[in-house]
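Listed below, chain by chain, are the residues.
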Number of protein chains: 2
Amino acid sequence: MKPLETSTVGIVGLGLMGGAIALALRSEGIIGTTGRILAYDHNRDTLAAAQAEGIIDAGSYAAESMLGHCDLVFLCLTPTKLLRFMESQMAAFQPGTLITDIAGIKGSIVAAMERTLREDLDFIPGHPMAGSEMGGFIHARSCRFKGKNYILTPLKRNKPENLGFLKTLIYRMGFGRITETSAQEHDRNIAFTSQLCHVIAAALIDCEPDTEITRFGGGSFEDLTRIAMLNAPMWTELFIENQEELLQRIEQFAGSLDKLKSYIARGAGPELEQCLQTVRERRASMV
Amino acid sequence: MKPLETSTVGIVGLGLMGGAIALALRSEGIIGTTGRILAYDHNRDTLAAAQAEGIIDAGSYAAESMLGHCDLVFLCLTPTKLLRFMESQMAAFQPGTLITDIAGIKGSIVAAMERTLREDLDFIPGHPMAGSEMGGFIHARSCRFKGKNYILTPLKRNKPENLGFLKTLIYRMGFGRITETSAQEHDRNIAFTSQLCHVIAAALIDCEPDTEITRFGGGSFEDLTRIAMLNAPMWTELFIENQEELLQRIEQFAGSLDKLKSYIARGAGPELEQCLQTVRERRASMV
C-alpha cells in the first residue's frame, strides 16, 4: 500500500456511515492534500453536496469510473447490495486494491468473498459499531467514532500488512477498540448486543399504541426505544440474514424475562432482589 | 401557605432524590435567605456533608424535632419506609403542613393516606420522573430536573391552593411537564415506561454471563442496560408492590416480542418491514 496520506480512498454508498467515514478521513487529516477521497452513490444530490462541502474530492455516478483509481475502498452498503455490487463490479477494481465493508452481518459476506473474490484483491470484512437511528448522509455528522468499537473478521488470505494498514486507519478515525474475530463469532455476538436490542426496542413500541405514554417517561423508556427509529428495510435484512443466531438470542432473553416475571408473580422478594443485585454488579463490571 | 421564599422545607431521606430536590431549591434560589431547608436522614455523615456544602440549613437525626418547623415536607423514601414513617410520625407535623412524596408507586400510598392522614394535613402524592441509576446523596448532582416529567396523583381532599403552590414549586425546580392523574393510572403507566424497562434491562444482563460482550457493543446494548445498575432493594419493592400492573405489561411486551420472533423465524420480510416501519413512525411521533 501507498502511505495513507497519499492514498485514494473510494467510498461506495454515501449514506450515514459512508458519509461519516469520509468526514473522519477528511477532518482528522488522515487523507492529506496529495491523497483523494472519492465517492460513488446513486443519489447525485448527495454527491454534489458532499463535494461542495469539501468532504469528498469527487463524486461518481458510475462505480467503474471510480474503482479504477482507488487504493482502498469502503463498501458502505447493506449486505444484499454489497454482494450484488461485488458481483457486478469485481472486474473494475485496480489490481491489489484493499477493500473493506461496514455491514452488520459477516457470515454470508465472508462466505461469498472466500468463494468469489479476485485473487489479487484483498477484502477485509469490518463492522464499525457506531451507527445511529438517524439514517442517510444528512446525518453523517451525528455519527461519533471516538472511543467506539470496531470489529474485523479477517479472511485467511488477508495480507498482514493490509490488516495493519486498515487497523491504523481505524484508530486514526477515532475508534477506541478493534476486536478481531471470526464471522461466526461476530454474528453470534452482534445478534445479542445489536439485533436483539433493536428487536426489544421495536417490541416495546409495537405493544403500546398510546404515544402520549411519554408523559410518564423518566428517561428509561426513551433510552430503550430511541433505536426503534430504525431503518426498517436495513434491519429487516439484518434480522432475517442472521435469523438463526438472532432467534437463539431472543429465546435466551425471553428465558430471563420469564424468570423475573415468575419472581414477581410469586412475590419472591429475596430471590428477585438477589437476582437484581447480581445483575447490577455484572453490568457495573462491564467496560 | 407562606410565600415560597420564606417557607421552611423539610426533606425526609437525603438520598439521590431528596438531595437533588434540596439542591434545586437552593440553587434555583427558590428558598430565599428568609426560608430554610431542613433534612432528616439516618446517616449523620450525609447530613453533615449537606450542611457543610450549604445545601441544607440544618440536618436532624430525629424526625420529630424537624417536622414541627416545616411548612412543606418532601418524603423521599421508598413506599414501605414512607408508610412506616407516616404511621410513626403523624403526630409530629405542624398543623396545616403540606406534605408530598416521590415514591415510584402511588396506589398503596394514596389508599393509606385516604384512610389515615390527619384531618389538618394536606398530602399531595407525587412522582418526579428524574431518577438515575446512581443512588445516594453523593450522586444527587447527577439528577437533572430540567424539562423532565412530574406526575401528581392528588387526593380528593387536597386544597386547590396547596396544589397550585406545589405545581409552581415543581416548575421552578426545572421540571418541564406536570401530569395530574389517578394513582391507578399512574401505576398502570409507570409499570410500562419505568418498571417494564427495568425488568427488560435486568433480563438482558441476566441472560448473558460474558461481560466481555461489550467489545461488540455499539451503543444500543449500553443504552438499554444502563438502568440495570439499579438499586436492587428499592426496585424489588416497586416491582412486587405493583405486581398486577407490571405482570400485565410484561405480557403485553412479550406478545409483541413473540410476534417479531415469528416474523423472523418465518423469514416474513414484508410483514417484518411493515411492522418496523410502523414502529419507527410511532416512536418518531412521541414527544
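Residues numbered from 1 in each chain as written. Chains lettered and ligands numbered in written order. Predicted model: local features only at pLDDT ≥ 70, side-chain atom pairs only at ≥ 80, totals over all residues. Heavy atoms only, no water.

1. Things to note about the overall build of chain A
Let me state the cut-off plainly: Think of it this way: any DSSP run of H or I at least four residues long counts as a helix, any run of E at least two long counts as a strand, and we number them from the N terminus. Think of it in three bands: residues with accessible area under 20% of the maximum for their type are buried, residues over 50% are exposed, and the middle band is partly exposed, with areas taken using a 1.4 Å probe on protein chains only. Should any heavy atoms of two residues lie within 4.5 Å, those residues are counted as being in contact. Using the Shrake-Rupley algorithm and a 1.4 Å probe, accessible areas are obtained, with residue cover drawn only from the displayed protein chains. Only four residue types enter the charge count: Lys and Arg as positive, Asp and Glu as negative, with His and the chain ends excluded. The location of each charge is read from NZ of Lys, CZ of Arg, CG of Asp or CD of Glu.
Within chain A one finds 11 helices and 9 strands. The 287 residues of chain A split such that 56% are buried. Contacts spanning at least 24 positions in sequence make up 73% of the contacts within chain A whose residues lie at least 6 apart. Surface exposure of chain A reaches about 11,400 Å², of which carbon and sulfur atoms provide 50%. Positive and negative side-chain charges in chain A, numbering 29 and 34 respectively, have mean positions lying 4 Å apart.

2. Brief notes about helix H9 (residues 232-241) of chain B
Within the sequence span of H9 of chain B, burial applies to Ala232, Trp235, Thr236, Glu237, Leu238 and Phe239 of chain B. Next to the buried residues of H9 of chain B lie helix H10 (243-265) and helix H11 (269-285) of chain A together with helix H4 (79-89), helix H7 (183-206) and helix H10 (243-265) of chain B.

3. Quick notes on the sheet that holds strand E4 (residues 72-75) of chain A
Residues and elements named next belong to chain A. This is how it is decided: Two strands pair under a simple rule: DSSP has to find at least two bridges between them. Lines fitted to C-alpha atoms define the axes here, with helix axes fitted over just the stretch in contact, and angles between the N-to-C directions of these axes take values from 0 to 180 degrees.
The 6 strands are arranged E3-E2-E1-E4-E5-E6 in an open sheet whose pairing can be described as parallel. Strands at the two margins of the open sheet, each flanked by one partner only, are strand E3 (58-60) and strand E6 (122-124). Strand-to-strand, the axes of this sheet are offset by a mean angle of 20°, without reference to chain direction. With 4 bridges connecting them, E4 and strand E5 (residues 98-101) associate as parallel partners. By the bridge assignment, Leu72 is partnered in E5 with Leu98. Running over the sheet, helix H1 (residues 16-27) touches strand E1 (8-12), strand E2 (36-40) and E4 and is turned about 160° from E1. Contacts from helix H2 (residues 44-52) reach E2 and E3, with the element oriented near 170° to E3.

4. Observations regarding the interface of chain A and chain B
Put simply, the test is: By buried area we mean how much accessible surface two parts lose on assembly, using a 1.4 Å probe and totalling the loss over both. The rule for a salt bridge is simple: a side-chain nitrogen of Lys or Arg has to be within 4 Å of a carboxyl oxygen of Asp or Glu. Counting of polar contacts relies on pairs of N or O atoms within 3.5 Å, with two restrictions inside protein: one atom must be capable of donating a hydrogen and the other of accepting it, and residues adjacent in sequence are counted only when both atoms are side-chain atoms. We call Asp, Glu, Lys and Arg charged. Ala, Val, Leu, Ile, Met, Phe, Trp, Tyr, Cys and Pro are nonpolar, and the rest, Gly among them, are polar.
The interface is formed by 84 residues belonging to chain A together with 84 residues belonging to chain B. Taking both sides of the interface into account, the surface hidden between chain A and chain B amounts to around 8,200 Å²; carbon and sulfur atoms contribute 68%. Counting across the interface, chain A meets chain B through 6 salt bridges. One salt bridge connects Lys261 of chain B with Glu251 of chain A, and the closest N-O pair in it is separated by 3.5 Å. Where chain A touches chain B, the interface holds 44 residue pairs in polar contact (both at pLDDT 80 or more). Contributing elements (two or more residues each) for the side of chain A that touches chain B: strand E8 (149-152), strand E9 (177-180), helix H7 (183-206), helix H8 (220-225), helix H9 (232-241), H10 and H11 of chain A. Its residues assigned to classes, the side of chain A that touches chain B comprises 44 nonpolar, 22 polar and 18 charged.

5. Here we look at the pattern of salt bridges
All names here are of chain B. Counting across every chain of the model gives 28 salt bridges over all chains. Asp71 is paired through a salt bridge with Lys2; the nearest N and O atoms lie 3.4 Å apart. Pair noted here: Asp71 is in the loop between helix H3 (63-67) and strand E4 (72-75) and Lys2 is in the segment before strand E1 (8-12), with a separation of 69 residues, a long-range link. On the accessibility criterion, Asp71 (12% relative accessible area) is buried. Its relative accessible area of 41% is what places Lys2 among the partly exposed residues. Where Lys106 meets Asp101, a salt bridge forms, and the shortest distance between an N and an O atom there is 3.0 Å. Both residues of the pair, Lys106 and Asp101, count as buried.

6. Quick word on the domain arrangement of chain A
Interfaces are often sized by the accessible area lost when the parts come together. All names here are of chain A. Going by this rule: Domain borders in the structure are assigned automatically or taken from a domain database.
When cut into domains, chain A gives domain 1 (4-181) and domain 2 (186-285). Computed from C-alpha coordinates alone, the two centres of domain 1 and domain 2 are separated by 31 Å. Counting from both sides, the interface comprises 14 residues of domain 1 and, opposite them, 12 residues of domain 2. In this assembly, domain 1 packs against domain 2 so that about 1,100 Å² is buried in total across both faces, 64% of it on carbon and sulfur atoms. Its largest share of buried area at the contact with domain 2, domain 1 owes to Thr78, Ile105 and Glu133, together 46% of the area lost on that side. Viewed at the interface, domain 2 and domain 1 are joined by 0 salt bridges. Looking at the side of domain 1 that touches domain 2 residue by residue, the classes come out as 4 nonpolar, 8 polar and 2 charged.

7. Focus on the nonpolar core
Spelled out, the test is: We define the nonpolar core as a collection of buried residues of types Ala, Val, Leu, Ile, Met, Phe, Trp, Tyr and Cys that are connected through side-chain atoms lying within 4.5 Å of one another.
Counting residues in each nonpolar core, the largest one holds 72 residues, and the members touching the most others are Phe253 of chain A together with Phe253 of chain B. Among residues more than four places away in sequence, those in contact with Phe253 of chain A are Leu196 and Ile200 of chain A together with Ile200, Ala203, Leu204, Cys207, Phe253 and Leu257 of chain B.

8. Brief notes about the relation of the copies chain A and chain B
Convention followed: The copies are overlaid by a least-squares fit using only the C-alpha atoms of residues whose pLDDT is at least 70 in both copies.
Take chain A, turn it by 180°, move it 0.0 Å along the axis, and it overlays chain B with an RMSD of 0.0 Å. What the rotation and shift describe, once combined, is the action of a two-fold rotation axis. For chain A, the minimum C-alpha distance to the rotation axis belongs to Leu224 of chain A and amounts to 2.4 Å. A symmetric contact is evident, with 100% of the interface residues of chain A recurring at the interface of chain B.

9. A short note on the sheet that holds strand E5 (residues 98-101) of chain B
Residue and element names in this part refer to chain B. Read across the open sheet, the 6 strands follow the order E3-E2-E1-E4-E5-E6; overall the sheet is parallel. Lying at the two open borders of the sheet, with one neighbouring strand each, are strand E3 (58-60) and strand E6 (122-124). The mean inter-strand angle of the sheet, taken between neighbouring strand axes irrespective of direction, is 20°. Strand direction decides the pairing type here: E1 and strand E2 (residues 36-40), joined by 5 bridges, are parallel. Each bridged residue has a counterpart across the sheet, and for Thr8 the counterpart in E2 is Arg36. Helix-sheet contacts for helix H2 (residues 44-52) involve E2 and E3, and the interaxial angle to E3 is about 170°. Each of E1, E2, E4, E5 and E6 touches H4; the most contacted strand, E4, lies at about 140° to it.

10. Quick word on the packing of aromatic side chains
Put simply, the rule reads: Note on aromatic contacts: the rings of Phe and Tyr and the six-membered ring of Trp form a pair at centre separations within 6.5 Å, being stacked when their planes are under 30 degrees apart, edge-to-face when over 60 apart, and tilted otherwise. Note on geometry: a ring has a charge over it if NZ (lysine) or CZ (arginine) is within 6 Å of the ring centre and within 35 degrees of the ring normal.
Tallied over the entire structure, the rule returns 11 aromatic pairs over all chains. Seen in terms of ring centroids, Tyr150 of chain B and Phe175 of chain B are 4.8 Å apart; in terms of plane orientation they differ by 85°. Their pairing is edge-to-face. Of the two residues, Tyr150 of chain B is situated in strand E8 (residues 149-152) and Phe175 of chain B in the loop between helix H6 (160-172) and strand E9 (177-180); the sequence distance between them amounts to 25 residues. Both rings, one in Trp235 of chain B and one in Phe239 of chain B, keep their centres 5.8 Å apart while their planes meet at 55°; by these two values the pair is tilted. Of this pair, Trp235 of chain B and Phe239 of chain B both sit in helix H9, 4 residues apart, which is roughly one turn of the helix. Accessibility expressed as a relative area gives 1% for Phe239 of chain B, which makes it buried. Through successive ring pairs, a cluster of aromatic residues spans Phe145, Tyr150 and Phe175 of chain A. Geometry around Tyr61 of chain B places Arg44 of chain B over its ring, the cationic atom sitting 3.7 Å from the centre.

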